[in-house]
Amino acid sequence: MKNNIRSLREALGMTQEDVAKQVGVTRQTIIAIENDKYNPTLNLAFKLARLFGRPIEEIFQDQ
C-alpha cells in the first residue's frame, strides 16, 4: 500500500516526531509507514486522516 504521509507531513512543516505524538505512536512507526514497511491499523489510519484533514483514500492507495 502506497501513502502520502511524508509529503503531507512536510507540507505542514511537521517532523516525524510531531506526527507520532499527535496520533499516539512512536517515531519508528511513522518512519515504517512512510517507507511502506508497515500498514497502519484502521484506527491509526483514521487518526492520520484526521490530523492531515484528508480522506483516508487520499492518503493511502492500494497498489
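An account of the accompanying structure is given in this report. (Residues numbered from 1 in each chain as written. Predicted model: local features only at pLDDT ≥ 70, side-chain atom pairs only at ≥ 80, totals over all residues. Heavy atoms only, no water.)

### What to know about empty space enclosed by the protein
Enumeration according to the criterion identifies 1 cavity of 30 Å³ or more in this entry. Computed from the structure, the largest cavity encloses a volume of approximately 40 Å³. As for the largest cavity, its lining consists of M1, N3, I33, D36, Y38, N39, P40 and F60. Looking at the lining of the largest cavity residue by residue, the classes come out as 5 nonpolar, 2 polar and 1 charged. (1 Å grid on protein atoms, 1.4 Å probe; cavity = no way out; pocket = protein on both sides within 12 Å on 5 of 7 lines; lining within 4 Å. Points joined across faces, edges and corners; volume = space filled by probe spheres on them. Nonpolar A, V, L, I, M, F, W, Y, C, P; charged D, E, K, R; others polar.)

### Details of the nonpolar core
Residues I5, L48, F52, I59 and F60 are the most contacted members of the largest nonpolar core, which totals 16 residues. Mapped by element, the contributors of at least two residues to this core are helix 1 (5-11), helix 2 (16-23), helix 3 (27-34), helix 4 (42-52) and helix 5 (56-59). Residue contributions to this core peak at 5 residues, all from helix 4. Leaving out residues up to four positions away in the same chain, F52 has contacts with I5, L8, R9, L12, M14, V19 and I59. (Core = buried A, V, L, I, M, F, W, Y, C linked by side-chain atoms within 4.5 Å. Buried < 20%, exposed > 50% of the residue type's maximum accessible area, 1.4 Å probe, protein only. Helix = DSSP H or I, 4+ residues; strand = E, 2+ residues; numbered from the N terminus. Contact = heavy atoms within 4.5 Å.)

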